[in-house]
Structures are given as structure tokens and as C-alpha cells.
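As a plain string of letters, each chain reads:
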Amino acid sequence: MPAAGDLRTFIIAAVCGLFIGTLLCYFTEYQKRVLNNLIMGFVNLMRAVPFLILAYLLYYGLPELGISLEAWTAGLLALIIYHGAYFFEILRSQRRVFSNGYIEAAVVQGFSRYTIFRRIVLPNIFSSALPLLGNQLIICLKDTAFLSIITVQEITAAANSVQATYFIPFNAFIVAIALYWAISIVLELLVKRLTVYSAKRGMSHV
């Protein structure tokens, strides 16, 4: 059950984080100085703050403002916010090297900004960013282990409970490592499959 819960937390955080990263990338297409400064301020803040501090802030700090979150909700929200910023940075780096010729051709054809982003920009930058996105997904998976500190029951917390009860720390944490490793391998295989599929569809601007 802890492994299933850990996987559920990771999947929700990864999907929502990718959505936030994509949404922020879309907003930057408008080239609005104030909006871009706000987005970059948020991203720079997330890069400067350790993930565990953010999780502490949401779980232990917000109650002082009258906002109480369950441990799982606070942990999930921390994962989404934190990794959403990094997903945006990855997509933004690929957007910066994306040829404006494609955009100009689409504008001439009368496509809207949203259509250009959805059908031209996003598929290409997402395809090129797949290896980096895969690495970030693995980091997100490993960050779920920190949630045990705010009492979220996941793989690391379960391993710690087993070793404390049965005094078998080596066996308990070896199993935990094996589970994280297995999930990471699945992620790597998925990214490779997506990369091959994208290459066959010609979704690459490199």
C-alpha cells in the first residue's frame, strides 16, 4: 500500500507539474514584461528554496495563517509547485532555440497564438526536451521520499517503520531502493519509447 500511495503521489505531481510548466511556457509567448517578470521571479524562488523547506512551509507554516492542509495534500502541493517550475525551465530552454521561422509561417497562414503553440511549438519543444523531462521526473520521484518527514506514508516511511519494528534496516531499505529503481527504469523506458515515436513523427526542431 505505501508503494501504491507513493506512486499515486508521484503520478499526480508529475502530471500537474508538467501542466503548470506548459502553462507558464504558453504565457511567456505573449511577451508581456510584467507577466514574464512574475513568472521568472517564481521560478528563481523555487530554484533557490530547497524542496524540503517548501514542504515544511506548506505543512507547518500555513496553519499560522489559518490554512491547514493534510500531510499528503501539503506534500503533493509542494511537489507540484516545485517541479512545475523546473518543468517550465526545461521547456523554456527548448523554446529559446526553436526556430522563429515556423512561427512566422504559421502567423502568415492566419493561425491563432494558441493554435501555433499547441500544434507547432509545444510538440517540437516537448520532443526535444524529453531526455531532460525524464531526468526531472526521476528527481520528482526521489523527492517523494522527503514527504516522510511531514508524516506522509510512502516507501521511505514504510521502510523506516519496518526497520524500527523488526530491527532489519538493511533489508528494509534495500527493498525501498529496489522499488525506486524499478519505477525509475520504467520511466526511462517510457521516455525512450516517446523519443523514438517523436523522431518517427518528425517532431524535432534540432
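No experiment lies behind these values; they were computed from the predicted model shown.

What counts and what doesn't
Residues numbered from 1 in each chain as written. Predicted model: local features only at pLDDT ≥ 70, side-chain atom pairs only at ≥ 80, totals over all residues. Heavy atoms only, no water. Axes fitted to C-alpha atoms, helices over the stretch in contact; angles between N-to-C directions. Helix = DSSP H or I, 4+ residues; strand = E, 2+ residues; numbered from the N terminus. Left-handed = near helix turned anticlockwise from the far one by under 90°. Contact = heavy atoms within 4.5 Å. Nonpolar A, V, L, I, M, F, W, Y, C, P; charged D, E, K, R; others polar. Polar contact = N/O pair within 3.5 Å; in protein donor to acceptor, adjacent residues only side chain to side chain. Core = buried A, V, L, I, M, F, W, Y, C linked by side-chain atoms within 4.5 Å. Buried < 20%, exposed > 50% of the residue type's maximum accessible area, 1.4 Å probe, protein only.

A. Spotlight on the packing of helix H4 (residues 71-96) against helix H6 (residues 113-143). In the contact formed by H4 and H6, the axes pass within 8 Å of each other and the chain directions differ by 145 degrees. Between H4 and H6 the crossing geometry is right-handed. Along its contact with H4, which presents Leu79, Tyr82, His83, Tyr86, Phe87, Ile90, Leu91, Gln94 and Arg95, the element H6 presents Val121, Ile125, Phe126, Ser128, Ala129, Leu132, Leu133, Gln136, Leu137, Ile139, Cys140 and Asp143. Looking at the contact of H4 with H6 residue by residue, the classes come out as 15 nonpolar, 4 polar and 2 charged.

B. Looking closely at helix H5 (residues 100-108). By the N-cap criterion, in which a side-chain oxygen at the helix start approaches the backbone nitrogen of a residue two or three places on, H5 is capped by Ser99, the distance to Gly101 being 3.2 Å. Positive phi shows up at Gly110, right after H5, with a value of about 90 degrees.

C. How the structure looks around the environment of Met40. Looking at the secondary structure, you find Met40 in helix H2 (residues 33-48). Distance in space between the C-alpha atoms of Met40 and Thr28 is 9.7 Å, their sequence separation being 12 residues. If sequence neighbours within four positions are ignored, Met40 has contacts with Phe88, Glu89 and Arg92.

D. Molecular detail of the nonpolar core. Within the largest apolar cluster, 45 residues are counted, with the highest numbers of intra-cluster contacts made by Phe10, Val121 and Leu133. Mapped onto this core, the elements with two or more residues apiece are helix H1 (2-27), H2, helix H3 (51-61), H4, H5, H6 and helix H8 (169-201). Contact partners of Leu133, with chain neighbours within four places excluded, come to Leu18, Phe87, Ile90, Leu91 and Phe126.

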